[in-house]
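Residues per chain, in single letters:
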Amino acid sequence: LVVKTPGIPQNLVTVPYTTATNIFFANLHRFSPHAKTIGITGSKGKSTTASLIHAILVAAGKKSHLIGNIGRPMLEELLCPVGEDDWFVLELSSYQLEDVKFGPDIAVFLTFFPEHLNYHGTLEAYFNGKARITLTQTENNLFIYHPGDSRITELVNQTRARTLPCIPTIPFSTDHIQLIGEHNKNHIRAALTVTQELGISNEVAQQAIEAFEPLPHRMQLVGIFHGITFYDDAIACAPDAVMIGIQTLKDVDTIFLGGQDRGLDYTQMADVVANSTIRNIVLFPETGKRMIEMISEKCTRPLNHLETNSMEEAVKFAYANTEKGKICLLATGAPSYTLWKDFEQKGDEFQRWVKEMGNVPKK
């Protein structure tokens, strides 16, 4: 029997196999019949929403474990004692879900837009993979969904689980919340929909959310250096995520784009960049060249761009060209694997050069 890692497409495995995700779900209740699982998926926001739910559960005095695509490996949790009242919050990717046989007690489907097409082959296959988070649920389970996405809402008629849309508004002031942007408000609404169902008060949830710090590389403020504000959104590896960043931050003057070519459509992203205030663009291989060609066709103002393989050179360009009082944003719209092992390494390198050059007095 093969235990398949999520990064290998199922059609390439020609012998009987299982996965760590299936082993975890199949065996959890052998260790503790009453332990509960909350699974979160979506094209963007999985990590933040899972971490928010975990933080609120902990604030409410519940024993919560953050596992899956974020936090500890699932099977490592089964090596530890599992209590009767334990909660397991799982971030679940389409890779983990495409062949899953079991559904979580509570499933949350946040967002959907084109991603990972080089792995799944088609948009339909990618969606079908994510949809299994609820299509494997039973009548005893709960499916929470974002009502603004027609593809996701169609699952309401296909799942056996009880269904519940995310709450429409946040029931308290957001003035002291560190998460910025409408997309993060959607993540907060999803987290609150879960915790309200569990009987946790809004007061407890508010305290946990206000104390919650944005996760690294997710529209993370690096700092203000020489009058330029630097944001690290290294996880923005799809065009829709780039558009969210530009629309949220508004004063972006320099953006870093490009990476591995997964065959994604950059037409909409090119429109947003062309119609924004962005004047300076750093371009990484393989998709950077294609992106600038599409943006230049749509843009009426002159653009200053740099094609490079070097983050050091990219940050140097940003310092030399970004207007004081404006923003430099790392949000490449493509995966990092052409130059870095993952988005974390890319973001770490960005932050290192920003801080190193920022602490040197400008001549």
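Residues numbered from 1 in each chain as written. Predicted model: local features only at pLDDT ≥ 70, side-chain atom pairs only at ≥ 80, totals over all residues. Heavy atoms only, no water.

**Observations concerning the sheet that holds strand E4 (residues 64–68)**
Then comes step 1: Pairing within the open sheet is parallel, and its six strands lie in the order E4-E5-E3-E6-E7-E8. Of all strands in the sheet, those bounded by a partner on one side alone are E4 and strand E8 (162–165). Ignoring which end each strand starts from, the neighbouring axes of this sheet average 20 degrees apart.
Then comes step 2: Where helix H2 (residues 46–59) meets the sheet, it contacts strand E3 (36–41), E4 and strand E5 (87–91), and its direction lies at approximately 165 degrees from that of E5.
Then comes step 3: Along the sheet face, helix H8 (residues 182–197) touches E3, strand E6 (106–109), strand E7 (142–145) and E8 and points at about 130 degrees away from the line of E8. (Pairing = 2+ DSSP bridges. Helix = DSSP H or I, 4+ residues; strand = E, 2+ residues; numbered from the N terminus. Axes fitted to C-alpha atoms, helices over the stretch in contact; angles between N-to-C directions. Contact = heavy atoms within 4.5 Å.)

**Section: unusual backbone geometry**
Then comes step 1: Glu-286 follows Pro-285 through a cis peptide bond whose omega is 10 degrees.
Then comes step 2: Note that Glu-286 resides in the loop between strand E12 (280–283) and helix H12 (288–298).
Then comes step 3: Although it is not a glycine, His-217 adopts a positive phi angle of roughly 70 degrees.
Then comes step 4: Inspection of the secondary structure assignment puts His-217 in the loop between helix H9 (202–211) and strand E9 (220–225).
Then comes step 5: Residue classification places His-217 among the buried residues on the basis of a relative accessible area of 5%.
Then comes step 6: Phi is positive for Met-219, close to 45 degrees, though the residue is something other than glycine.
Then comes step 7: Here Met-219 is to be found in the loop between H9 and E9. (Buried < 20%, exposed > 50% of the residue type's maximum accessible area, 1.4 Å probe, protein only.)

**Notes on the sheet that holds strand E13 (residues 304–307)**
To summarise the sheet geometry, strands pair through backbone hydrogen bonds and adopt either a parallel or an antiparallel arrangement.
Then comes step 1: Pairing within the open sheet is mixed, and its six strands lie in the order E9-E10-E14-E11-E12-E13. The sheet is open, and its two borders are formed by E9 and E13, each paired with just one other strand. Adjacent strand axes in the sheet meet at a mean angle of 15 degrees, parallel and antiparallel pairs treated alike.
Then comes step 2: One ladder, built from four bridges, connects strand E11 (residues 252–257) with strand E14 (residues 327–330); its direction is parallel. Paired with Thr-254 across the strands is Cys-328, a residue of E14.

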